[in-house]
Amino acid sequence: MLSAASSLPGPVVSVADLAALVAAGPVTLLDVRWALGATDGRQQHEAGHLPGASYVDMDEVLADHTALEGGRHPLPDRDLFGAFMRALGVRADVPVVCYDDVGGTSAARAWWLLRHHGHESVAVLDGGFSAWVAAGQPVETGPAPEIEPGDFEPVPGAMPVVEPDDLLDGRVVLDARPGERFRGEVEPVDPVAGHVPGARSAPAVENLDGEKRLRPLEELRETYAALGALGDDEVAVYCGSGITAAHDVLVLEALGRTAALYPGSWSHWVTDPDRPVEVGP
């Protein structure tokens, strides 16, 4: 069996990396195809997925919509999350690779949750399903076969989180939403437009190239250094509801920097009218 501590080359793996891992030993594959406003993730999965991959429903598994607060995608209950992960075959000693078809901006949520809950060997597939297909790798169709349950027991706290007050304490705060939402020019989802005062615009989509693959790390290093995210100050990231912000956290992890996530993000920030809001660049 592969060593979970050493089998993954980093938090992001290429198609070639993953193909070699699959050939060498067990790897748990999680299909996290999701996009805001879309409901066809399971249909996409059944139309074609990586062999042995299980579909993970963002709203059912990776968020807790019974929570009374926490924004639009509150973090899932620990015990329920653990039960879902075990049902998907997740084991503590087997690496997990998550993928989507939107450049990793959805799969990063599963990556972050597993890392946060103590799994030590988790990665996101660079380029996702499209990159796998483009490389001529095999694809399965239909529902995933029955999977032997895993043994993963979640223990939250391995990845840092922040609360609203922490965003005004002088740390570097990155906003992973598109620039027009950061500036308050449009707000298609939440009731208030704008951003957390002092935050810096770091759209997750700009981590990607035209093929929805991660830009070269040296380019990303320059980008995040210019934002002040690679210095000595603590870093926190938010987005609309805590999903795409995980992609900025993922990229920073690949650059050797651990950033905190504000899980409720903008959708939680604006629930309190006393919290300040800025608009503009």
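See above for the structure.
### Some thoughts on empty space enclosed by the protein
Now for step 1: Taken as a whole and assessed by the stated rule, the structure comprises one cavity of 30 Å³ or more.
Now for step 2: What the largest cavity holds in volume is close to 50 Å³.
Now for step 3: Surrounding the largest cavity, Val-12, Gly-103, Gly-104, Val-124, Leu-125, Asp-126, Gly-127, Leu-208, Leu-214, His-247 and Leu-250 form its lining.
Now for step 4: Looking at the lining of the largest cavity, the elements with two or more residues in it are strand 5 (122–125) and helix 9 (245–254).

### Regarding a nonpolar patch on the surface
Now for step 1: Where nonpolar side chains cluster on the molecular surface, the patch consists of Val-192, Val-277 and Val-279 and spans about 220 Å² of accessible area.
Now for step 2: Here Val-192 lies in the loop between helix 7 (179–182) and strand 7 (200–201).

### Focus: the pattern of salt bridges
Now for step 1: Using the criterion set out here, one finds 16 salt bridges in the structure.
Now for step 2: One salt bridge connects Arg-181 with Glu-187, and the closest N-O pair in it is separated by 2.9 Å.
Now for step 3: Exposure remark for Arg-181: the relative accessible area of 9% places this residue in the buried category.
Now for step 4: In this structure, the salt-bridge partner of Glu-219 is Arg-215, at a minimum N-O distance of 3.2 Å.
Now for step 5: On the basis of relative accessible area, Arg-215 is assigned to the buried category, the value being 19%.
Now for step 6: Residues participating in the shared-partner salt-bridge network are Arg-72, Asp-175, Arg-177, Arg-181, Glu-187 and Asp-190.

So, how was this worked out
- Residues numbered from 1 in each chain as written.
- Predicted model: local features only at pLDDT ≥ 70, side-chain atom pairs only at ≥ 80, totals over all residues.
- Heavy atoms only, no water.
- 1 Å grid on protein atoms, 1.4 Å probe; cavity = no way out; pocket = protein on both sides within 12 Å on 5 of 7 lines; lining within 4 Å.
- Points joined across faces, edges and corners; volume = space filled by probe spheres on them.
- Helix = DSSP H or I, 4+ residues; strand = E, 2+ residues; numbered from the N terminus.
- Patch = residues over 30% accessible without salt bridge, like charges linked within 9 Å, V, L, I, M, F, W, Y side chains within 5 Å.
- Areas by Shrake-Rupley, 256 points an atom, 1.4 Å probe, with all protein chains shown as cover.
- Salt bridge = Lys/Arg side-chain N within 4 Å of Asp/Glu carboxyl O.
- Buried < 20%, exposed > 50% of the residue type's maximum accessible area, 1.4 Å probe, protein only.

In short, shape yes, function no, at least from these values alone.
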